[in-house]
Amino acid sequence: MALLKVKFNLKKRVKLAQGLWLMNWFSVFAGILVFSMGLFLKIELRKRSEVMDNNESHFVPNSLILVGILSCAFNGFAGKICYDSLDPTKFAKWKPLLKPYLALCCIFNVLIFFVALICFLMRGSLDSTLAQGLKNGMKFYRDTDTPGRCFMKKTIDMLQIEFKCCGNNGYKDWFEIQWISNRYLDFSSKEVKDRIKSNVDGRYLVDGVPFSCCNPSSPRPCIQYQVTNNSAHYSYDYQTEELNLWRRGCREALLNYYSGMMSSMGAVILLVWLFEMSVMVGLRLLHTSLESIPNPEDPECESEGWVLENSLKDTFKSALENLKKLGKFNQVEAGAEGAEGEEGGKTQTVTTVS
């Protein structure tokens, strides 16, 4: 029994063709939207590529751009087929191409669904990318005189101000690295010498943070140095008092920003996928209804359209049988080639003995 079997007359076929033509052009605009989303995401990721460890995160925008281009191409072609299906003479030239085209549409829809899933599942990879990238970026914060790294201080400061964050996982990350350049340290000072000597790596570590970690909404002047020293500030307890520094780490802030963006894009891609699936089903119904017309010279006669000629179970069984036959055919060919090789060897041996 055929799956989704529908009876059509001329009026229904014309309406289906016209509706599909319109839906295909909507899909072209959806493809342009997907392409634009991929381009926007790629630009956003490139803005902060200095604090990302690798280029794995660009897999999502590149996939969106590819899907957008393919969507425009596939749906533009399908729109032409639907328009020509109104004229039997014009539709005749498309008949041989429809089955391969529908097979490509199935593969394309699988690709769209895969890209939608990737948008939702990319959070873990993005998390590790940001964690390592921010860690490296903070190490180079002080290198304002080093070619290739002189921009890192500005990048980190602008990032912390824009996303209202501090450090990688929190403000205490700044305590573990030397973020003050040596050119601004007085090495004749006893305090500086003691701090450098007390560290195994000879770094100048302080319980302080850059100015960009300060929360401007706090009524108290920013305490960015001696953050953990209660006696250094009047009426202050860093363990109980609400600090006037950003509490959230930049890794979490950026992860939430990009994950939210990718999740929204994933939802849009799923809607596009559902729309593309409905277009493909409609195109299949149009194809079968036109092919099953009993009298091609009488276009007004009724015909039947279906999505699958047999039930889903029977179609699956048939596909498995075809695959088995193909495998057996390849084995027979390999065996025949081996037999021919053996016969050739025997003939050559007999000739040599003679």
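Residues numbered from 1 in each chain as written. Predicted model: local features only at pLDDT ≥ 70, side-chain atom pairs only at ≥ 80, totals over all residues. Heavy atoms only, no water.

A.B. asks: What's the story with the overall build of the protein chain in this structure? I'm lost.
C.D. replies: Each helix and strand in the protein chain was counted, giving nine helices and two strands. Sequence-ordered secondary structure for the protein chain, helices as α and strands as β, is β-α-α-α-α-α-α-α-α-β-α. Out of the 354 residues belonging to the protein chain, those deemed buried represent 39%. Across the protein chain, the fraction of contacts at a sequence separation of at least 24, relative to all contacts at a separation of at least 6, is 72%. For the protein chain, the exposed area adds up to about 20700 Å²; of that, 61% sits on carbon and sulfur atoms. (Helix = DSSP H or I, 4+ residues; strand = E, 2+ residues; numbered from the N terminus. Buried < 20%, exposed > 50% of the residue type's maximum accessible area, 1.4 Å probe, protein only. Contact = heavy atoms within 4.5 Å. Areas by Shrake-Rupley, 256 points an atom, 1.4 Å probe, with all protein chains shown as cover.)

A.B. asks: Whenever I open this one, the state of the cysteines confuses me. Can you help?
C.D. replies: Here a disulfide denotes one covalent bond, and it connects the sulfur atoms of two cysteines. Taken as a whole and judged by the stated rule, the model has three disulfides. Bridging C165 to C250, the disulfide has an S-S length of 2.1 Å. Across the S-S bond of C165 and C250 the torsion is about 85°, and the bridge reads as right-handed. Placement of C165 in the loop between α6 (152-163) and α7 (190-197) and of C250 in helix α8 (residues 250-291) is noted, with a sequence separation of 85 residues between them. The disulfide partner of C166 is C213, and the gap between their sulfur atoms is 2.1 Å. Judged by the sign of its S-S torsion, about 85°, the bond between C166 and C213 is right-handed. Note that C166 is positioned in the loop between α6 and α7 and C213 in the loop between α7 and α8, a separation of 47 residues in sequence. Across the pair, exposure class does not vary: C166 and C213 are buried alike. (Disulfide = S-S within 2.5 Å.)

A.B. asks: Sorry, what's going on with the packing of α6 against α8 here?
C.D. replies: The description of two helices packed together rests on the angle between their axes and the distance between the axes. Remark: α6 packs on α8, axes separated minimally by 10 Å, with the N-to-C direction vectors making an angle of 65°. Here α8 runs roughly perpendicular to α6, going by the angle between their axes. Here the hand of the crossing between α6 and α8 comes out left-handed. Within the contact between the two elements, α6 uses L159, Q160 and F163 and α8 uses C250, A253, L254 and Y257. (Axes fitted to C-alpha atoms, helices over the stretch in contact; angles between N-to-C directions. Parallel < 35°, antiparallel > 145°, perpendicular 65-115°, else oblique. Left-handed = near helix turned anticlockwise from the far one by under 90°.)

A.B. asks: Looking at this model, I keep getting lost on the environment of L86. Mind explaining?
C.D. replies: Mapped onto the secondary structure, L86 falls in the loop between α2 (59-84) and α3 (88-91). As for L86 and Q18, which are separated by 68 residues in sequence, their C-alpha atoms are 8.4 Å apart. In contact with L86, not counting residues within four places along its chain, are V14, A17 and Q18.

A.B. asks: What is the right way to look at the UniProt feature "transmembrane region" (unreviewed entry) in the protein chain in this model?
C.D. replies: Here the UniProt feature "transmembrane region" (unreviewed entry) sits at residues 20-41, 62-81, 101-122 and 255-275. Note that residues 20-41 is 100% helix and 0% strand, and that its end C-alpha atoms are spaced 31 Å apart. End C-alpha to end C-alpha, residues 62-81 measures 29 Å, and it is 100% helix and 0% strand. (UniProt positions renumbered as here; feature names shortened; annotations may be inferred.)

A.B. asks: Can you help me understand the packing of aromatic side chains in this one?
C.D. replies: For any pair of aromatic rings, the description rests on two quantities: the centre-to-centre distance and the angle between the ring planes. Counting across every chain of the model gives eleven aromatic pairs. With a centroid separation of 6.3 Å and 70° between ring planes, the pair formed by Y141 and W179 is classed as edge-to-face. One end of the pair, Y141, is in the loop between α5 (123-139) and α6; the other, W179, is in the loop between α6 and α7, with 38 residues separating them in the sequence. Its relative accessible area of 3% is what places Y141 among the buried residues. You can call W179 buried: its relative accessible area is 8%. Relative to F175, the ring of Y171 lies with its centre 5.9 Å away and its plane at 75°, an arrangement referred to as edge-to-face. Overall, the relative accessible area of 17% leaves F175 in the buried class. Linked through ring pairs, F74, F77, Y101 and F108 together constitute an aromatic cluster. (Phe/Tyr/Trp six-rings, centres within 6.5 Å; stacked < 30°, edge-to-face > 60°.)

A.B. asks: Is there a simple way to think about the environment of L286 in this case?
C.D. replies: Along the chain, L286 turns up in helix α8. Along the backbone, L286 and K12 are 274 residues apart, and their C-alpha atoms lie at a distance of 9.8 Å.

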